[in-house]
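One-letter residues, chain by chain:
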Amino acid sequence: MNKTSDTTKDLSLALVGSGGAGVMTAGQTLLDAAAASGYYGLMTRATGPQIRGGEAAAILRLSGEPVECQDDRLDLLVALDWNKAERFADELILDAESLVIADPGQGEVPAWVGESGARLVEVPFDALTKEVRGARANTIAVGLVGQLIGLKGTDVEATVGRILENKGAKLIEAALAGLKLGRTAVDDLPQRQGLAGQPDQAEPRWLITGNDAAGLGAVRGGVRFCAAYPITPSTEIQEWLAAHLPELGGKLIQAEDELASINMCLGASFGGTPAMTATSGPGFSLMVEALGLATQAEIPVVVVDVMRGGPSTGIPTRSEQSDLDIAVHGAHGDAPRLVLAPNSIGDCVTTTQWAVHLAEALQCPAVVLSDQRLGQARAAIDPPPQCDWQANRKLATDELEDYRRFADTDDGVSPMALPGTAGGEYTATGLSHMESARPSASGMDHQRQLDKRRRKLEQFHFGDDWADIDGDGELVVLTWGSTTLPAREAVARMRSRGHAIRLISIRLLSPLNTEVLTEALASCRQLLIVEQSHGGQFHRYLRSRIELPDDTHLLARPGPLNIGPGDIVTAIENLDLEKVA
Amino acid sequence: MNSAVEQQIRILGHKDFKSDYKPVWCAGCGDFGVLNALTKAMAALELEPENVAMIAGIGCSSRIPAYTTVYGFHGVHGRALPLAAGLAVSRPELTVIATGGDGDGFSIGGNHFLHACRRNVNMTYLVMDNSVYGMTKGQASPTTERDWTGSRLSPQGTHQPPLQPLELALAARAPFIARAFSNSPNELARIMTEAIEFDGFAFVQILSPCITFRPEQLGWKKRVHEGFEATNDRAAAFAALAEDDGFTTGVLYRAPRPHFQPDQREPVDIETIEKRFEVRS
Ligand SMILES: Cc1ncc(C[n+]2csc(CCOP(=O)(O)OP(=O)(O)O)c2C)c(N)n1
Ligand code: SF4
């Protein structure tokens, strides 16, 4: 934040408090109110391992321009209390220009805050609640922060009204009074930091989480069946589909486990209904056998894996990009499949929709690798583009004399007969088979069907969406999925300092478009690969598929701390690049 | 049905439900009897092959779908029930029949069995129970007697009492539970017909000897006896099972309740759903 002026176009703030203090509600209220006032914004959540209660932080970034990534530091930290807040020390970075507002009655200021040099201001939130019957500290904080950063009071009030819609007039009245208390408390603050300008909204903006976005992408693509087993951080996709599939004539089953959920999806898809499930690492591991079946029996299905820290139970509530290996290679036998990754919250809509289209067109499984960072962030964004990717399966509907389910066609895709189609009766099977679907252990049949299944993926024209390639330069930053967010910001910062950088974010990870990727790297002198995994899975995968430049560098770090724009800027600076002014 | 062709009533005999594939089964395997009875039942019910789907897992018995002329799905080991549930729920107009063996259904797929019983999707589940893993050449299954020492994998017996599938189904609230014998073709076909016609999850344990790895099961012929009388009283059904020697046949329990239906809502178009994401001021 620019301290010499009153306003800034970009503001980062966090609210911390113990469980029950309501920091998440407060954070969402501020985000939604800022969105109503015309700002872009993003809110991510950090919580302790407790199911309910326990320390929590709502981290927000609000801006006049699109933002989908947290900054490296905070302008403002509001502490309703300091209970175990030190566990956020690595994440909530303060400096001499930051402002900290804390309740003096709620614990000692933690060392990391004290040592940061941030300016500390005391506001007795808890004591203030005594002034209005039923007022809560978190609402007072919302009123205060809203006023401090220059949100319209009416927008904040309307947002609070909406959030408390069903809670009764008394509660709303108390909340509005709390907001007012907060607004007035600002008068005693020494420093004001307001958000600049209110961008026009040509088209109404959206407030959406990455998980809801993946659900929307699925139904846009034509998914009408979901079976799912709850798992953090993917459950919100399942819940979104549970609420919305029935409105679209679709169906959802809560399965007994992931072995069941993926197989239910295959059953539905065998019957012609585009099907999807959502899960995270442990559930995905259980689905691997069925994904091989989907490959062998050529049944379209989409699995969204919202990645979390692994292996095993790992870190359920935090992000990692460490399921790339299992997504691409996790199968016995030679079992090529589609693997895609959204690279923004809005792109969770588009990429999931594309995955549905591709799985259906190619009659094979498609894995969408989202992660906690995208899935559980809520953002005010421009509406994602409309695109016409639809489920459009090649069906066998007539001339079914001598029907061969796995006919060895030129493009490798064989028309599929659905139950109900007379003359198309066949038995789908996980056994190696002939064109007719009759099981066969002959080497010739095996090879022929393996060739066919590989060919359909190799020959398909995937178009330009396999990657987002932005800018030119001999220095290339190459990444995928959610780390694209900080990479975009890091590259923008470096460009504003005069560096020429090309950014490549790969959306279609498998099959990898090796030819075009090699071309895109042709003039690359220095390559920085960025990924959130301990083992450098993305780097190893790329190395196995293409020739990388000699001067290749790797920024690979496991969770739970997200890679930030500053980490990537530092990595770029350490490459010793010459400034191309 | 509107076209003239569709209006023609096809009269199909049981042979029309048998494919030209030669089963991989050993001569004398009980599963032949199951295939015969099933094709008879489908013919008797005047089912149209294109509107029937047989879903199976892995095992000798699980090969049965391809030996019929209906749609089939031969999936992975133990997962026939979820495959079938996904199909039956998304295509309720189809007749869905899940099949498999006792290993497939009660061991690796045991969890799905419990939940299929309580979920009550409208489908039939036929388990060919030979108290052995035939396909992997003769290991003990969950229904194998404790003192069976015929397997090199459990040469001193299983050290565990066998599962009682009917008790399990009753405890897990399956609404239709029956037992039949592969070598009693008429009773088997009758029970299958009743199971297929039943609105809800209908489970039939079919004693189906494995003559290769359990030749002594040829003696089952002498041991099976009719005896169950369909009741809708759980306590009475449990009481009947307390008396059961494992060879009583017939419909044990029949207590229809509305079959599983996922949530349904007022239809809305996608644009309306998307509008809900718009920022409101
Ligand atoms: C995941 C997995 N584990 C093990 C096997 C090996 N396997 C094939 S069939 C079978 C047992 C089949 O027994 P049952 O269901 O009783 O059928 P039967 O062959 O007796 O008809 C096993 C263990 C497999 N195919 N897949
Ligand atoms: S091994 Fe047993 S169950 Fe398998 S086909 Fe032969 S007789 Fe039947």
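Above this text is the structure in question.
Residues numbered from 1 in each chain as written. Chains lettered and ligands numbered in written order. Predicted model: local features only at pLDDT ≥ 70, side-chain atom pairs only at ≥ 80, totals over all residues. Heavy atoms only, no water.

1. Notes on the overall build of chain A
We apply this condition: Under the DSSP-based scheme used, a helix requires at least four consecutive residues in state H or I and a strand at least two consecutive residues in state E, with every element numbered from the N terminus. Atoms counted for the radius of gyration: C-alpha only. Globule rule: 2.2 Å times residue count to the power 0.38. Type-normalised accessible area, obtained with a 1.4 Å probe on protein chains alone, sets the label of each residue: buried when under 20%, exposed when over 50%, and partly exposed for intermediate values. Pairs of residues are marked as contacts when any of their non-hydrogen atoms sit within 4.5 Å. Reported accessibility uses the Shrake-Rupley method at a 1.4 Å probe radius. Residues are deemed covered only where the shown protein chains occlude them. For the charge count, each Lys or Arg is scored as positive and each Asp or Glu as negative, with His and the chain ends excluded. All charge positions are set by atom: Lys at NZ, Arg at CZ, Asp at CG, Glu at CD.
Per the secondary structure count, chain A includes 18 helices and 23 strands. For chain A, the C-alpha radius of gyration of 26 Å lies close to 25 Å, the compact-globule estimate for 581 residues. In terms of principal-axis extent, the alpha carbons of chain A reach across some 85 × 60 × 45 Å. Counting only residues that meet the buried cut, chain A has 62% of its 581 residues in that class. A sequence separation of at least 24 residues applies to 75% of the contacts in chain A between residues at least 6 apart. With the model as given, the accessible surface of chain A reaches about 21600 Å², and the carbon-plus-sulfur share is 48%. If you average the places of the 51 positive and of the 77 negative side-chain charges in chain A, the two averages end up 3 Å apart.

2. Quick notes on the interface of chain A and chain B
Counted only if it meets this: Here the buried area means the combined drop in accessible surface, using a 1.4 Å probe, for two parts upon being joined, counting both sides. Salt bridge, as used here: a side-chain nitrogen of Lys or Arg that lies within 4 Å of a carboxyl oxygen of Asp or Glu. Residues adjacent in sequence count toward polar contacts only when both atoms are side-chain atoms; beyond that, a polar contact is any pair of N or O atoms within 3.5 Å, and within protein one must be able to donate a hydrogen and the other to accept it. Each residue gets one of three labels, nonpolar for Ala, Val, Leu, Ile, Met, Phe, Trp, Tyr, Cys and Pro, charged for Asp, Glu, Lys and Arg, and polar for the others, Gly among them. Two strands pair under a simple rule: DSSP has to find at least two bridges between them.
Counting from both sides, the interface comprises 61 residues of chain A and, opposite them, 50 residues of chain B. Note on chain A versus chain B: buried area summed over both sides is about 4700 Å², and carbon and sulfur give 61% of it. Taken as a group, A:Glu247, A:Lys251 and A:Glu256 account for 14% of the area that chain A buries against chain B, more than any other trio of residues on that side. Scanning the region where chain A abuts chain B turns up four salt bridges. Measuring nitrogen to oxygen at the nearest pair gives 3.4 Å for the salt bridge that ties A:Arg438 to B:Asp20. Between chain A and chain B we count 25 residue pairs in polar contact (both at pLDDT 80 or more) in total. The element contributing the most residues to the side of chain A that touches chain B is helix α9 (residues 258-270) of chain A, with eight residues. For the side of chain A that touches chain B, a count of residues per class yields 34 nonpolar, 14 polar and 13 charged. Where strand β17 (residues 427-429) of chain A meets strand β2 (residues 71-74) of chain B, three bridges bridge the pair, whose relative direction is parallel.

3. With respect to the site of ligand 2
The cut-off we apply is this: Whether a residue is near a molecule or strand depends on its heavy atoms: if one lies within 4 Å, it is near.
Taken together, B:Trp25, B:Cys26, B:Cys29, B:Cys60, B:Asn130, B:Cys210, B:Ile211, B:Thr212 and B:Phe213 make up the full set of residues adjacent to ligand 2. Grouping the constituent residues of the shell around ligand 2 by class yields seven nonpolar, two polar and no charged.

4. As for the site of ligand 1
Within the structure, ligand 1 sits among 17 residues, and B:Cys60, B:Ser61, B:Gly103, B:Asp104 and B:Gly134 are positioned closest to it. Surrounding ligand 1 are residues belonging to chains A and B, so the site spans chains. Between B:Cys60 and ligand 1, the recorded distance is 2.8 Å, taken from a backbone N or O atom to an oxygen atom. A distance of 2.7 Å is found between an oxygen atom of ligand 1 and a side-chain nitrogen or oxygen belonging to B:Ser61. Computed on the free molecule, ligand 1 has an accessible area of 590 Å², of which 77% lies beneath the protein chains in the complex. Here the shell around ligand 1 is built from residues that sort into six nonpolar, eight polar and three charged.

5. A word on the environment of B:Pro23
All names here are of chain B. Mapping Pro 23 onto the fold places it in the loop between α1 (4-7) and α2 (31-44). By relative accessible area, which is 15% here, Pro 23 ends up buried. For the pair Pro 23 and Phe 113, spaced 90 residues apart in the sequence, the C-alpha separation amounts to 26 Å. In this structure Pro 23 touches Phe 32 and Tyr 67, once residues within four positions along its chain are discounted.

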